[in-house]
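Overview (structure and organization)
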Protein chains: 2
Amino acid sequence: MAKDKKLVEAITSMDVDFAQWYTDVVKKAELIDYSSVKGCMVIKPAGYAIWENIQKELDRRFKETGVENVYMPMFIPESLLQKEKDHVEGFAPEVAWVTHGGLNQLQERLCVRPTSETLFCDFYANDIQSYRDLPKCYNQWCSVVRWEKETRPFLRSREFLWQEGHTAHATAEEAEERTLQMLHLYADFCEEVLAMPVVRGRKTEKEKFAGAKATYTIEALMHDGKALQSGTSHNFGDGFAKAFGIQYTDKDNKLQYVHQTSWGLTTRLIGAIIMVHGDNSGLVLPPEVAPVQVMVIPIQQHKEGVLDKATELMESLKDAGIRVKIDDSDKSPGWKFSEQEMRGIPIRVELGPKDIEAGNCVLVRRDTREKTVCQLQEAGAVAAELLKTIQKDMFRRAKEHQKSHITDVASYGEFKDAVEHKPGFIRAMWCGDVECENKIKEDTTATSRCMPLEGEEAVSDVCACCGKPAHKLVYWGKAY
Amino acid sequence: MAKDKKLVEAITSMDVDFAQWYTDVVKKAELIDYSSVKGCMVIKPAGYAIWENIQKELDRRFKETGVENVYMPMFIPESLLQKEKDHVEGFAPEVAWVTHGGLNQLQERLCVRPTSETLFCDFYANDIQSYRDLPKCYNQWCSVVRWEKETRPFLRSREFLWQEGHTAHATAEEAEERTLQMLHLYADFCEEVLAMPVVRGRKTEKEKFAGAKATYTIEALMHDGKALQSGTSHNFGDGFAKAFGIQYTDKDNKLQYVHQTSWGLTTRLIGAIIMVHGDNSGLVLPPEVAPVQVMVIPIQQHKEGVLDKATELMESLKDAGIRVKIDDSDKSPGWKFSEQEMRGIPIRVELGPKDIEAGNCVLVRRDTREKTVCQLQEAGAVAAELLKTIQKDMFRRAKEHQKSHITDVASYGEFKDAVEHKPGFIRAMWCGDVECENKIKEDTTATSRCMPLEGEEAVSDVCACCGKPAHKLVYWGKAY
């Protein structure tokens with residue numbers, strides 16, 4: 001059987017080659033496939049269903065804060081992209097250009113959106129007139145294109161799916177408030193739904209978004225100790241408003257510029273889920289985001305009554321509000337177990353003739369492989385409770401991993417030693433000088449991830465690089 | 001107030017200029033805005049929320065039939081587009097070409113997908129190996145680009161949103177069955193959710209999709225008597241499979257080609273809703289698809305207790321499962337009424353001091369303007385019931401309009417007379433010769449819309465154009 005053959009080729013162990021392990025999991029859990037378009041991927045049903053769950057929950061949380069969805073064109077005329085100087089410098093080198101429509105050359109080139117600040121600004125310039133029109137809190141779900149040279153599934157691809165929120169406010173304070181509100185919404189979402197702890201912080205000047213006044217970020221730690229920027233929220237101040245002429249009449253009938261924000265989360269998060277929770281048997285999905293939470297696997301299903309009872313069990317789990325499927329294919333139970341494990345389904349329920357006789361079934365956790373025997377009529381309640389426990393345990397373990405992979409350093413010697421020998425975040429003081437930031441990157445390949453928002457205590461009082469007095473605490477790390 | 005000024009400019013009457021009426025409604029109901037990208041539109045919150053409701057319900061119905069969502073790249077390499085001859089001929093003249101990525105010219109041009117048959121086929125060629133892999137029933141929600149010369153909001157734009165389903169089956173019968181299943185799913189959706197009656201039929205050879213063996217269509221009748229193709233479902237037979245080498249090993253270990261289908265619905269449907277149900281006060285939304293079903297409008301809201309009571313009323317409607325909002329802005333009730341009417345919100349509930357004193361509120365239907373007075377504590381149940389009635393009545397009226405705009409003709413004289421004087425569908429027999437089809441189009445601008453699926457009785461026994469014996473009954477009409 002072609003299907004089985006594929007599964008026999010075991011995935012590479014993550015301790016041997018983490019990068020290869022990642023690629024193997026992505027392929028064997030059937031999340032993506034490569035396409036004929038270089039650097040672009042096909043997101044298969046198992047991968048897309050995770051994205052749908054992310055969308056559903058994020059969208060609900062957005063709307064609770066007053067966000068409305070819209071859709072902007074996918075093309076940006078070259079002249080529009082150029083209106084904000086820093087922005088075009090940041091993006092022009094990596095956009096795809098449309099030069100022909102049908103058989104004719106276009107009068108002006110269009111780029112495929114790498115992000116849509118310029119389109120939203122162009123729209124807001126006409127749409128916003130009075131203070132009554134504010135705030136505008138718009139979001140769109142779409143795909144964007146960035147012509148990356150090296151690509152990796154989910155982490156960096158030429159086209160990816162995301163949401164981009166773009167808001168306009170009457171005051172600078174309100175814009176800053178919204179920027180942080182969305183950062184915390186992202187962080188809470190990652191921690192509560194993806195069971196993925198994050199550090200909430202602010203980017204340095206060097207690392208901030210092209211055209212932003214301030215960029216905030218959530219940084220997650222992967223299993224191999226590398227950081228993954230998992231979501232960003234930008235405060236633009238009135239920079240774009242001035243470049244695009246977005247003004248409103250205030251209550252005193254005076255013209256004022258709006259203050260803007262933008263914020264985005266992408267399919268990259270699926271990569272993060274894999275690298276935070278996965279193991280050597282494949283994907284491990286947090287129950288909250290798992291498209292299938294429980295897989296019922298009948299044992300000796302050819303025996304009379306087994307399939308009927310298994311189907312009945314599945315229905316009772318469904319009634320308990322669980323996303324459940326039954327694997328009644330003609331593969332062996334062993335194969336079905338490995339498939340369920342590879343795909344990261346949080347619980348499998350085994351049910352064979354002996355179990356039926358005893359009125360029991362066996363629940364096996366994907367994350368710990370722990371078994372629970374329970375009475376058939378209690379399976380729904382037990383599984384629902386177990387899903388909650390798994391979710392909590394997965395977060396706890398990821399949090400412990402994060403905590404045990406943070407190294408505080410005071411000197412440059414310690415810094416370099418930590419980069420080499422202690423995978424994870426490095427907490428170190430920084431004088432604020434971009435030259436130190438550049439030097440650290442050059443010497444160690446570690447970059448400044450963020451300056452944490454929560455009042456963390458200083459590690460020392462001098463810059464870990466140059467030794468000058470320093471007040472800024474920075475999380476550093478190698479990053480994806 | 002800028003907002004009010006906009007509304008004062010009344011929309012053009014549909015009897016004076018239907019096209020202008022349409023454009024006015026689209027703009028004044030704030031469904032779209034024009035963008036700086038020629039031929040592309042900005043879908044604003046009120047428009048996008050309709051699309052979200054369409055998506056939610058269609059997606060649910062798709063999944064019930066076993067469809068899974070995926071995501072394919074938005075680019076198609078030129079060589080891939082060219083693999084199926086009829087298909088490339090149909091689409092090449094109207095695609096947008098990406099020629100540069102970043103600062104470099106691409107080795108091979110990429111077109112922005114006008115539709116994704118070629119990408120799905122390329123994927124299926126690798127993904128399908130055995131009969132165990134079949135059927136594949138995949139769908140994607142995305143935007144596509146067709147470089148149209150003349151564009152109109154929702155009806156024809158260079159970029160539009162849609163879903164495209166692509167399936168692969170072991171047998172020709174199964175493919176035909178899926179093609180028709182999706183056609184009926186579309187038709188039922190339009191009739192049940194959009195209150196829009198459709199004719200289900202098959203396209204002639206001339207009008208079928210580029211590369212299809214058979215194209216089925218649902219055709220709706222707009223208020224002005226023009227037809228709108230509202231959804232299509234194609235059976236490709238094994239044509240694409242042969243062009244792309246999509247083969248599977250059957251149970252007897254023999255190689256076989258798969259049989260494929262594709263089917264799509266677009267944001268064009270929003271245009272159909274406007275033109276089927278709208279009136280001279282603006283949009284009229286069927287309750288099932290209306291983002292806001294009821295708008296509570298307080299009267300003399302400055303008086304003590306009015307706003308509190310109105311908010312309480314809103315909450316009780318929400319508890320009854322109704323999508324409800326309250327308009328507590330500082331505009332006059334009159335303005336609020338026109339806004340609610342312009343936006344097509346199915347019911348408004350008026351509540352003023354006198355109503356409160358009597359323990360009543362007033363429900364006003366958008367479609368008929370009929371008023372119902374009901375007790376406050378019954379408002380939820382009454383409104384829920386009224387929404388159902390409105391949905392039913394809207395379908396009934398649209399169905400009556402459709403019925404009264406079908407003209408049966410037996411001769412070419414009658415045909416031409418009907419095109420000129422009787423807006424709507426023309427039912428006429430056709431010999432099957434493309435020359436008659438071309439002649440009719442040239443003489444009258446009417447095109448063959450479809451050959452109805454349901455056993456309708458023949459209108460005569462000769463072709464309305466050439467007079468030769470004819471067995472095919474065809475719906476003809478001017479179309480958008």
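Scroll up to find the structure this text is about.
Residues numbered from 1 in each chain as written. Chains lettered and ligands numbered in written order. Predicted model: local features only at pLDDT ≥ 70, side-chain atom pairs only at ≥ 80, totals over all residues. Heavy atoms only, no water.

1. Quick look at the sheet that holds strand β15 (residues 294-298) of chain B
Residue and element names in this part refer to chain B. The condition is simple: Only strands that DSSP links by at least two bridges are regarded as paired with each other. To qualify as a helix, a DSSP run of H or I must reach at least 4 residues; to qualify as a strand, a run of E must reach at least 2; elements of each kind are numbered from the N terminus. To obtain an axis, a line is fitted to C-alpha atoms, over the contacting stretch when the element is a helix, and the angle between two such axes runs from 0 to 180 degrees between their N-to-C directions. Contact between two residues is taken to exist if any of their heavy atoms lie within 4.5 Å; hydrogens are not considered.
With mixed pairing, five strands are arranged side by side in an open sheet as β16-β15-β17-β18-β19. Unpaired on one side and paired on the other, β16 (324-326) and β19 (371-375) mark the two borders of the sheet. Averaged over neighbouring strand pairs, the angle between their axes works out to 25° when direction is ignored. Contacts from helix α13 (residues 379-403) reach β17 (347-351), β18 (360-365) and β19, with the element oriented near 15° to β18.

2. What to know about the relation of the copies chain A and chain B
Filter applied, for reference: The copies were overlaid with a least-squares fit restricted to C-alpha atoms from residues scoring a pLDDT of at least 70 in each copy.
Superposition of chain A onto chain B requires a rotation of 180° combined with a translation of 0.0 Å along the rotation axis, giving an RMSD of 0.0 Å. Overall, the copies show the geometry of a two-fold rotation axis. No C-alpha of chain A approaches the rotation axis more nearly than that of A:Val98, which lies at 2.1 Å. Interface overlap between copies is the fraction of interface residues in one copy that are interface residues in the other; for chain A against chain B it reaches 100%, indicating a shared surface.

3. As for the interface of chain A and chain B
Quick note on the threshold: The buried area of a pairing is the accessible area, by a 1.4 Å probe, that goes missing from both parts when the two are put together, added over both. In what follows, salt bridge is the name for a side-chain nitrogen of Lys or Arg lying within 4 Å of a carboxyl oxygen of Asp or Glu. We define a polar contact as two N or O atoms separated by no more than 3.5 Å, with the added condition that, inside protein, one atom must be a possible hydrogen donor and the other a possible acceptor, whereas residues neighbouring each other in sequence contribute only through side-chain atom pairs.
The partner chain B presents 58 residues to the 58 residues of chain A that form the contact. Both sides of the chain A and chain B interface together cover about 4800 Å² of buried area, and 61% of this is carbon and sulfur. For the pair chain A and chain B, the number of links is six salt bridges. The shortest N-O distance in the salt bridge between B:Asp330 and A:Arg132 comes to 3.2 Å. Our count for the contact surface shared by chain A and chain B stands at 25 residue pairs in polar contact (both at pLDDT 80 or more). If you tally residues by element for the side of chain A that touches chain B, the top one is strand β5 (residues 96-101) of chain A, at six residues.

4. Looking at the pattern of salt bridges
Residues and elements named next belong to chain A. Under the convention used in this document: Only protein chains enter the calculation, and the probe is 1.4 Å; a residue is then buried if its accessible area is under 20% of its type maximum, exposed if over 50%, and partly exposed in between.
For the coordinates displayed, the defined rule picks out 73 salt bridges over all chains. Measuring nitrogen to oxygen at the nearest pair gives 2.8 Å for the salt bridge that ties Asp393 to Arg365. Pair noted here: Asp393 is in helix α13 (residues 379-403) and Arg365 is in strand β18 (residues 360-365), with a separation of 28 residues, a long-range link. Residue Asp393 shares its accessibility class with Arg365, and that shared class is buried. One network of salt bridges, with partners in common, ties together Arg365, Asp367, Glu370, Asp393, Arg396, Arg397 and Glu400.

5. Some words on the sheet that holds strand β21 (residues 425-430) of chain B
All names here are of chain B. The strand order β3-β7-β8-β14-β11-β10-β9-β22-β23-β21-β20 describes an open sheet built from eleven strands, whose pairing is mixed. Edge positions in the sheet fall to β3 (68-69) and β20 (406-408), since each of these pairs with one other strand and no more. Pairing geometry for strand β9 (residues 198-202) and strand β10 (residues 214-221), over five bridges, is antiparallel. From the neighbouring strand, Gly201 faces β10, where its bridge partner is Thr217. The sheet strands contacting helix α14 (residues 412-421) are β20, β21 and β23 (472-477), and the helix crosses β21 at an angle near 160°.

6. Here we look at helix α6 (residues 117-127) of chain B
Among the eleven residues of α6(B), nine are classified as buried, and the element is accordingly described as predominantly covered. Among the residues of α6(B), B:Glu117, B:Thr118, B:Leu119, B:Phe120, B:Cys121, B:Asp122, B:Phe123, B:Tyr124 and B:Asp127 are the ones counted as buried.

7. Let's talk about the packing of aromatic side chains
Worth spelling out the cut-off: Put simply, two rings from Phe, Tyr or Trp (the six-membered ring, in Trp's case) pair if the centres are within 6.5 Å, and we call them stacked under 30 degrees between planes, edge-to-face over 60, tilted for the rest.
Counted by the stated rule, this structure contains 36 aromatic pairs over all chains. For the ring pair A:Phe425 and A:Tyr475, a centre distance of 5.3 Å and an interplane angle of 85° mean the geometry is edge-to-face. Placement of A:Phe425 in strand β21 (residues 425-430) and of A:Tyr475 in strand β23 (residues 472-477) is noted, with a sequence separation of 50 residues between them. By relative accessible area, A:Tyr475 is classed as buried at 4%. Ring centres of B:Phe91 and B:Phe209 lie 5.5 Å apart, and the angle between their planes is 55°; this geometry places the pair in the tilted category. Of this pair, B:Phe91 sits in helix α5 (residues 85-91) while B:Phe209 is found in the loop between β9 and β10, placing the two residues 118 residues apart along the sequence. With a relative accessible area of 14%, B:Phe209 lands in the buried category.

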